[in-house]
Amino acid sequence: MPVNRIPNESLGGPTCAVIAHKNPHLKVTIVDINATRIAAWNSDNLPIYEPGLDEVVKECRGRNLFFSTDVDAAIIESDLIFVSVNTPTKVKGVGAGYAADLKWVESATRHIARVATSDKIVVEKSTVPCRTAQSMRVILEANSTANLKFDILSNPEFLAEGTAIPDLMKPDRVLIGSLDTDRGRSAAASLADVYAGWVPRSQIITMNLWSSELSKLAANAILAQRISSINALSAICEATGADVDEVSYACGLDTRIGPKFLKASVGFGGSCFQKDILNLVYLSESLHLPEVAAYWKQVVEMNEYQKRRFTNRIISKLFNTLTGKRIALFGFAFKKDTGDTRESAAITLAKYFLAESALVSIYDPKVDESQIWMDLSEPGVESNLDAIKKQVTICDSAYSAAEGADCVVIATEWEEFRVENLDYKKIYDSMQKPAFLFDGRLIIDSKKLEDIGFQVEVIGKGSTGAFE
Ligand SMILES: NC(=O)C1=CN([C@@H]2O[C@H](COP(=O)(O)OP(=O)(O)OC[C@H]3O[C@@H](n4cnc5c(N)ncnc54)[C@H](O)[C@@H]3O)[C@@H](O)[C@H]2O)C=CC1
Ligand SMILES: O=C(O)[C@H]1O[C@H](OP(=O)(O)OP(=O)(O)OC[C@H]2O[C@@H](n3ccc(=O)[nH]c3=O)[C@H](O)[C@@H]2O)[C@H](O)[C@@H](O)[C@@H]1O
């Protein structure tokens with residue numbers, strides 16, 4: 001079994017589908033070198049789960065939205081090309097563990113230079129380090145044989161997974177960065193016209209290329225920083241008897257702070273927050289700004305600490321050993337309403353539990369079983385997967401995951417895990433006693449579960465109940 005992550009096309013697919021939906025006069029072709037992905041986009045089972053996406057794709061596919069592996073043809077016939085390829089953290093070489101790996105951006109750029117037969121506007125949609133547009137321009141100009149003109153724009157995307165369609169339909173802002181030249185401004189105006197199909201002009205912001213590239217990294221870093229801040233406070237809450245939900249509410253009422261992104265959790269996940277902050281750390285170090293690098297690095301370190309801290313609380317409450325105990329892990333995706341597991345806190349938790357010789361029963365409503373095995377195993381080590389399969393069971397419901405378990409751990413905030421949507425009495429009756437429930441997402445009503453008999457432990461809240 002190949003143990004490479006299955007690409008999701010979480011960005012390019014939904015973004016271009018909405019552009020096609022809102023601009024019926026434009027022909028939009030989504031191309032990918034991954035034929036399996038394209039086949040899925042052309043089928044009834046789209047490769048990603050995203051609420052509202054099916055409807056948009058079904059309406060436009062075959063009309064003005066096409067999915068293809070014929071990258072050459074799409075480059076030749078397009079006036080405007082979005083480069084939305086993956087930019088993961090480098091795993092080896094200079095900057096490993098921090099810098100963004102730009103090999104896919106470079107290969108897509110070289111492909112455009114090699115194949116284009118007319119002038120193009122090339123839009124950097126992927127999240128990239130500051131000044132990547134300059135490298136793309138050099139590659140395009142140096143490799144283009146036909147004396148063609150290429151304009152590079154930065155147009156970072158701010159959608160979040162799980163809410164991609166509403167985010168795209170009603171963005172807070174659309175950001176377009178260009179060179180401050182007549183050509184640059186004219187290219188930016190052409191791209192602005194595409195978005196003006198549905199976004200008010202006042203929300204389409206233009207600025208210089210480098211500000212635009214940096215704004216994307218900055219926005220993700222600031223959002224993640226808020227989560228690490230509230231998570232740091234959650235540790236203080238647990239030690240003092242303060243309630244993190246109340247602290248978050250009180251702070252969020254200050255209009256200068258605002259209520260969003262202050263929900264304490266077992267740790268942020270997703271393909272971008274960690275990658276983009278590490279990218280910012282690397283950029284800061286490259287610019288000889290070690291204090292700035294250390295500041296941002298701490299946001300990621302706090303996130304790792306939160307996952308370790310939550311696990312330690314579970315071990316301590318389960319009488320200091322997990323050996324042979326069954327843990328029901330509710331949720332594996334990095335957040336609700338997505339099947340994406342990239343950097344999911346649930347993966348780290350599951351690995352900690354396995355290291356403590358626990359048995360883990362996993363249930364997630366949208367994550368494929370094959371994805372869970374990939375996430376838990378070492379790439380390419382078959383024997384490692386065999387060992388993991390002795391400790392892990394993947395279940396088709398929360399009820400089967402909880403059967404015979406010593407504790408339930410809520411790792412993803414799926415609505416179906418709320419007290420009103422699951423029969424927790426049935427779950428309690430099927431578990432070992434004492435039955436523990438650890439809520440890493442602050443989604444359950446502790447009082448109701450304690451009344452059933454559960455010993456409940458919630459992130460950012462002190463312990464209550466019979467065992468204190
Ligand atoms: N996932 C998200 O919600 C968001 C992602 N981003 C950024 O968008 C970029 C892409 O992210 P995802 O869509 O999540 O990545 P992904 O890995 O799911 O998809 C990237 C796709 O690009 C394809 N690809 C790679 N090289 C290619 C080439 N030369 N020609 C054609 N296709 C090629 C891959 O086969 C893959 O299907 C990243 O830079 C990410 O930081 C930005 C905002 C939101
Ligand atoms: O660049 C990207 O890829 C995107 O990254 C994030 O979007 P995403 O990672 O899809 O999802 P978020 O809603 O930001 O959640 C990220 C993680 O933080 C967690 N989170 C979020 C909010 C909160 O208050 N607390 C919290 O723990 C979520 O559960 C999740 O694990 C940003 O929100 C998007 O604006 C950005 O475009």
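No experiment lies behind these values; they were computed from the predicted model shown.

In this section: the overall build of the chain. Within the chain, the regular secondary structure consists of 18 helices and 13 strands. The globule rule puts the C-alpha radius of gyration for 468 residues at 23 Å, and the 24 Å found for the chain is close to it. Principal-axis analysis of the C-alpha atoms gives the chain an extent of 75 × 45 × 45 Å. Taken over 468 residues, the chain has a buried fraction of 51%. Here the analysis covers contacts within the chain between residues at least 6 apart in sequence; of these, 75% occur between residues at least 24 apart. Mean positive and mean negative side-chain charge positions of the chain (51 and 61 charges, respectively) differ by 2 Å.

Okay, the environment of Ala20 next. In this fold, Ala20 is placed in helix α1 (residues 12-22). By relative accessible area, Ala20 is classed as buried at 0%.

Ranked by internal contacts, the top residues of the largest apolar core, which has 65 residues, are Phe330 and Tyr424. Counting residues per element, this core draws most heavily on helix α13 (residues 345-355), at seven residues. What Tyr424 contacts, discounting residues up to four positions off in sequence, is Phe330, Ile410, Phe417, Arg418, Val419, Leu437, Ile444, Leu449, Ile452 and Phe454. If you look at the next biggest cluster of nonpolar residues, it comprises 36 residues, including Leu153, Ile176, Val194 and Trp198.

Each value, and the rule that gives it
Residues numbered from 1 in each chain as written. Chains lettered and ligands numbered in written order. Predicted model: local features only at pLDDT ≥ 70, side-chain atom pairs only at ≥ 80, totals over all residues. Heavy atoms only, no water. Helix = DSSP H or I, 4+ residues; strand = E, 2+ residues; numbered from the N terminus. Rg over C-alpha atoms; globule rule 2.2 N^0.38 Å. Buried < 20%, exposed > 50% of the residue type's maximum accessible area, 1.4 Å probe, protein only. Contact = heavy atoms within 4.5 Å. Lys, Arg positive; Asp, Glu negative; His and termini not counted. Charge placed at Lys NZ, Arg CZ, Asp CG, Glu CD. Core = buried A, V, L, I, M, F, W, Y, C linked by side-chain atoms within 4.5 Å.

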